[in-house]
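Commentary on secondary and tertiary structure
What follows is the residue order along each chain.
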There are 4 protein chains.
Amino acid sequence: MIIILKPNPDQTELASLESWLRGLDLDIHMSQGQTSTIMGIVGDTTVVDIGQVRMFDIVDDVKRVQEPYKKANRKFHPKDTVIPLGAGSVGGDSFTLIAGPCSVESEDQILEIARDVKAAGAQALRGGAYKPRTSPYAFQGMREAGIALLLEAREQTGLPIVTELMDAADLPAFTDIDVIQVGARNMQNFALLKELGKVDRPILLKRGLAATIEELLMSAEYIMAHGNEQVILCERGIRTFEVATRNTLDLSAIPVLKELTHLPIIVDPSHATGVARYVRPLSLAALAAGADGLIVEVHNDPAHAKCDGAQSITPAAFAELSDAIAEMLPIVHKNAIPPR
Amino acid sequence: MIIILKPNPDQTELASLESWLRGLDLDIHMSQGQTSTIMGIVGDTTVVDIGQVRMFDIVDDVKRVQEPYKKANRKFHPKDTVIPLGAGSVGGDSFTLIAGPCSVESEDQILEIARDVKAAGAQALRGGAYKPRTSPYAFQGMREAGIALLLEAREQTGLPIVTELMDAADLPAFTDIDVIQVGARNMQNFALLKELGKVDRPILLKRGLAATIEELLMSAEYIMAHGNEQVILCERGIRTFEVATRNTLDLSAIPVLKELTHLPIIVDPSHATGVARYVRPLSLAALAAGADGLIVEVHNDPAHAKCDGAQSITPAAFAELSDAIAEMLPIVHKNAIPPR
Amino acid sequence: MIIILKPNPDQTELASLESWLRGLDLDIHMSQGQTSTIMGIVGDTTVVDIGQVRMFDIVDDVKRVQEPYKKANRKFHPKDTVIPLGAGSVGGDSFTLIAGPCSVESEDQILEIARDVKAAGAQALRGGAYKPRTSPYAFQGMREAGIALLLEAREQTGLPIVTELMDAADLPAFTDIDVIQVGARNMQNFALLKELGKVDRPILLKRGLAATIEELLMSAEYIMAHGNEQVILCERGIRTFEVATRNTLDLSAIPVLKELTHLPIIVDPSHATGVARYVRPLSLAALAAGADGLIVEVHNDPAHAKCDGAQSITPAAFAELSDAIAEMLPIVHKNAIPPR
Amino acid sequence: MIIILKPNPDQTELASLESWLRGLDLDIHMSQGQTSTIMGIVGDTTVVDIGQVRMFDIVDDVKRVQEPYKKANRKFHPKDTVIPLGAGSVGGDSFTLIAGPCSVESEDQILEIARDVKAAGAQALRGGAYKPRTSPYAFQGMREAGIALLLEAREQTGLPIVTELMDAADLPAFTDIDVIQVGARNMQNFALLKELGKVDRPILLKRGLAATIEELLMSAEYIMAHGNEQVILCERGIRTFEVATRNTLDLSAIPVLKELTHLPIIVDPSHATGVARYVRPLSLAALAAGADGLIVEVHNDPAHAKCDGAQSITPAAFAELSDAIAEMLPIVHKNAIPPR
């Protein structure tokens, strides 16, 4: 961490800043320039609150040299994290397809979709039982009954289950769920993240609509710092001024995250665009950019889906997408990322 | 709600759409133009999921004429909601000053600040006991002990207490708290909003960093639909590309919200800018724009605050701000808003 | 165009609105619902200024059914526009690689880079002679001398030249330039667009940092409406809150634009990210998403480039990228876009 | 400027960086820490292209300590710039009201509005003769004829004229215009800015839709560096995700700009919101935040304005706003800004 002092800093203030930093077990390396004094701070600066440094009147600016996350940081953990999922895994050399409906609606619906996406090559089934909805008047999900149907679909197809948890109080219902999803709107629900740090299953952490890449990693760090290092990151679009798509899918985040972290990164083209016919081009683009997988909304009857039908593709379209991916995979996969 | 159909819609699809709409207790008014057919949907369209309409292949576009919120809607509740707070109230003709530190740090700290802000004219004390922090390594608040100190400050000063709840599981500790705050990062934590709908105290609901004004109102609607109509809205800056301030304070939201809703709206200039010396100009601007009050961070020793010192003003600066507000109030207050 | 009237519209105002619309050669189809009246407007509504409709007091809302652009609209021109470029072309079945330095710096520099990118498979040479720089103190380009060097590079390599024009007054210097580029900051410099409508060479139109996809098409429409239908669109990143990359590359724009327009769309991964090592993954992603080509910054000595060295790749890295594209092309190309 | 080097920098590269910096007449102050080496760069660093520094492989990061603008910088010019305008002035202790229609439409229209806004207290008349319009099919302004009508309005009312120039080629028509406006879309039209640097009249420079405050100041610096130091800055809303208003008015920019620059700053609430009924609250808020004036759209018949009628207020509403400002002024004005 570099602290740039204002010209002619008050010496009492400076002593106070120095003593505060030493109290955090940090070493200080002063360097006196002609126009300004620079303090180089050495040690575990992840514990320093940058806002607190800025409040010292004598401080002109502060700059982190180290990232504020440790466990998620590739510098301290160069190898890709690989997370087991059913018969396969996420991260490393794998490319993982997770597919299923926005929400579980009935036994018939979820079983039919589960069979279809399995036949088309999906490695896991997604489906919402507890649904975060902007309107209190919209369908809120089948809750426990939905979880039961997902587990039945797993029994019939062998596909591991990915589903969203909105409230730590509902954790008992998730005992048999394979991957617990944190939705974009809860990415900084720190109470929830802490609880998920105590869980022994992988967490799929979606990027918030206004979250920077660093904040996404800090949320992963929350889960990891509380004991659970199995975190799968998910880019699902950020909020911008553009209205042609629901959100703006930030595929640049893939190579940026590949540099900064060892955690796997998958992409959700369905929520990013909100439009079924853009799912295919952006899925292939995500693969080409170096993503570790996709989570795609598939519905057997999009026109009558209880939510997000407009962004759901049919099982047939998913099968075609899966074929295109299989054809591209040997040539394209992780081709994009220069060797470290 | 207006549904615009594509040219020559498939008649089976159309019948299916009509029957679905009628199943929601809505009336349909068809109007056949030369190039397109328009369906006018009459009834309580707040129950309609607009995404679901869009999935019908024959639908070209959908437009709400009615807002998707009811209880928060000024159309159905023209008079300002006025919420009691201590000896005074929020909303209507009042202008309310809420002040205090980012977080409760010690008995001395909170008592001293409480006395100072009361002397300077604050009507309520804010202070964080449960702190949402981006980093798992940053100070997370004094929790129950912090709540106890806030209640002690209330006993000594008579100031009602405003403090943030992050997890419904902590509600028992908030039994004596006057106003429960929902932070920006939890604005769409729907599980939390539902629980707060069952509480009998006012909720201070902060706008999310990427939340539209309509989404803020939908989150208020969640609380209201679950039984608690005492919601105070708070504009605290949105995330944009500008980096000179931490967030961009959206003061246009004040007149927009005054039109759309009867709920009171206050402004947080401290979190919006992140810079203590911008608090005063933006506080006065909020007053001039028609806000119902302010929530301001005040710390007796900003340079050693455990969080957000850079945006905290001193008690002396707060007293000066309070004086400036008192002087402007008779001329400026709600002067901005044209009579309805 | 759909105009939704407020309940019980004033009849004099309504007559005035109707007469204004008829004066624009439009037909009106009234449809009386229970709660609101809807006017369906039929005819060439591209001439209607939507802001003007909104000012009528009786108007509640206005919605375009038709897009406000005609010549750029795929509805009226379903086939892909294919634009000749040197021995090849842009659009349709082609994938075009344009490469070269941010700015022309010397004869040696531009000739060496031109030979290198040609050898690596580039179909055109880019290079800035007139440079838009944020600072008046930064290098502003070699101007006429730069144009001369670019033309010399064309003579030696046969590569057609793409270079930016900032001011219509400089057009005489561009007489022999093959493709004239409009930079992102000039996308809505309407005076310049009009002049380029009178030019007989292709225009490469870059999307503005805060321009919607519709505004990009409206700027293309300016050029086309003034007589020049050879417009190549270029996605080069939009401005968002994310700071890990200079801009956020919006690859969703590719399939959206492919639907809306017949004009070719290329991608500039260099300006979008500002980081050389992200150029490769995003180039491959652009190809997979269905782009018609790339414009990439290549410099023989990035560390000493006079501008944008941080985002320039070396000729060797460009050759590797070109090979990866060649390998992917037969499988991936325009695979993403479902048949219309 | 602070340059942070990567650990163990290559010595040849380092020598190359040092020699390049010395070639720019800069002094280097090396400081060797335990984990990293920091170079403090002393001298006129406004000439350094920060991108160029970053390209050196050995550079980890670069930070400006000095702002990249000089002439616009309050550090080097502490006193407020005051710009004469008609009988009065802009900046310093003044609060300036500029008002008039979006575009000049006819002699009757502009003369009537000019008389009305003068009677209501405006110090200058605005009106568009050359109009930047998103659509090539929309009304493009009366051009020379519009300028002539504006000058006639000046003759009749004595009000100085503010009008927009889109193309330096049209400068001859602006010889008698008092203040030349640069529109938001041309804020980084550097060719235009350079030409305006040679003009002897004040320039009203509007902030671009996606321009940071620093970029706005760099554009002012362009004009000033080319010889014209009479620049009035104008905040007119930035583009964000919020759709309730056309743009998001960034009033925080007022105190930020007051710190950074000595140039006057006015606010355009009409373009910022796009809604006439929000003009009053945001005008009063701008005054309270410390702005030096307002530029407001006023039309005698908004419902039939040729552009932007929806955001234009009537002369009567302007007179009421002017009265409210006059009443607030003695108490509020520049009250917000703490003494430097």
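Quick look at the structure, then. (Residues numbered from 1 in each chain as written. Chains lettered and ligands numbered in written order. Predicted model: local features only at pLDDT ≥ 70, side-chain atom pairs only at ≥ 80, totals over all residues. Heavy atoms only, no water.)

Considerations on the relation of the copies chain D and chain B
Taken as rigid bodies, chain D and chain B are interconverted by a rotation of 180 degrees and an axial shift of 0.0 Å, the fit giving an RMSD of 0.0 Å. As the rotation angle and translation indicate, the two copies are arranged about a two-fold axis. Using C-alpha coordinates, one finds that chain D approaches the rotation axis most closely at A285 of chain D, a distance of 2.0 Å. Looking at the interface residues of chain D, 100% of them are also at the interface in chain B, so both copies use one shared face. (Least-squares fit on C-alpha atoms with pLDDT ≥ 70 in both. Contact = heavy atoms within 4.5 Å.)

What to know about the pairing of strand β4 (residues 59-63) of chain C
Residue and element names in this part refer to chain C. Where burial is concerned, most of β4 is hidden: four out of the five residues are buried. The sheet contact formed by strand β1 (residues 2-5) and β4 spans four bridges and is antiparallel. Paired with L5 across the two strands is V59, which belongs to β4. (Buried < 20%, exposed > 50% of the residue type's maximum accessible area, 1.4 Å probe, protein only. Helix = DSSP H or I, 4+ residues; strand = E, 2+ residues; numbered from the N terminus. Pairing = 2+ DSSP bridges.)

Thoughts on the interface of chain D and chain B
Between chain D and chain B, the contact holds 39 residues from the first and 39 residues from the second. Surface buried jointly by chain D and chain B totals about 3300 Å² across both partners, of which 67% is contributed by carbon and sulfur atoms. The tally of links between chain D and chain B comes to four salt bridges. A salt bridge links E242 of chain D to R207 of chain B; its shortest N-O distance comes to 2.7 Å. Inspection of the region where chain D meets chain B yields eight residue pairs in polar contact (both at pLDDT 80 or more). (Buried area = accessible area lost by both parts, 1.4 Å probe. Salt bridge = Lys/Arg side-chain N within 4 Å of Asp/Glu carboxyl O. Polar contact = N/O pair within 3.5 Å; in protein donor to acceptor, adjacent residues only side chain to side chain.)

Notes on the sheet that holds strand β3 (residues 37-42) of chain A
Strand pairing in a sheet is mediated by backbone hydrogen bonds. Such pairs are either parallel or antiparallel. All names here are of chain A. Spatially, four strands are ordered β2-β3-β1-β4 in an open sheet, and the strand pairing comes out antiparallel. Each edge of the open sheet is held by one strand with a lone partner, namely β2 (27-32) and β4 (59-63). Here the strands of the sheet are splayed against their neighbours by 20 degrees on average, with no regard to which way each runs. Summarising the sheet, strand β1 (residues 2-5) and β3 pair through three bridges and their orientation is antiparallel. (Axes fitted to C-alpha atoms, helices over the stretch in contact; angles between N-to-C directions.)

Some details on the interface of chain D and chain C
Listed by partner, the interface residues are 46 residues for chain D and 46 residues for chain C. The residue R133 of chain D makes a salt bridge to D49 of chain C at a minimum N-O spacing of 2.5 Å. One can count 18 residue pairs in polar contact (both at pLDDT 80 or more) joining chain D with chain C. With five residues, the single largest contributor to the side of chain D that touches chain C is helix α6 (residues 213-225) of chain D. Across the side of chain D that touches chain C, the residue classes tally to 21 nonpolar, 13 polar and twelve charged. (Nonpolar A, V, L, I, M, F, W, Y, C, P; charged D, E, K, R; others polar.)

Description of the packing of aromatic side chains
Residues and elements named next belong to chain A. One pass over the full model with this rule turns up twelve aromatic pairs over all chains. Each ring, one from F190 and one from Y222, has its centre 4.7 Å from the other, and the planes form 25 degrees; the classification is stacked. Pair noted here: F190 is in helix α5 (residues 190-196) and Y222 is in helix α6 (residues 213-225), with a separation of 32 residues, a long-range link. On the basis of relative accessibility, which here comes to 1%, the residue F190 falls in the buried class. (Phe/Tyr/Trp six-rings, centres within 6.5 Å; stacked < 30°, edge-to-face > 60°.)

Distances and angles like these do not, on their own, reveal function.
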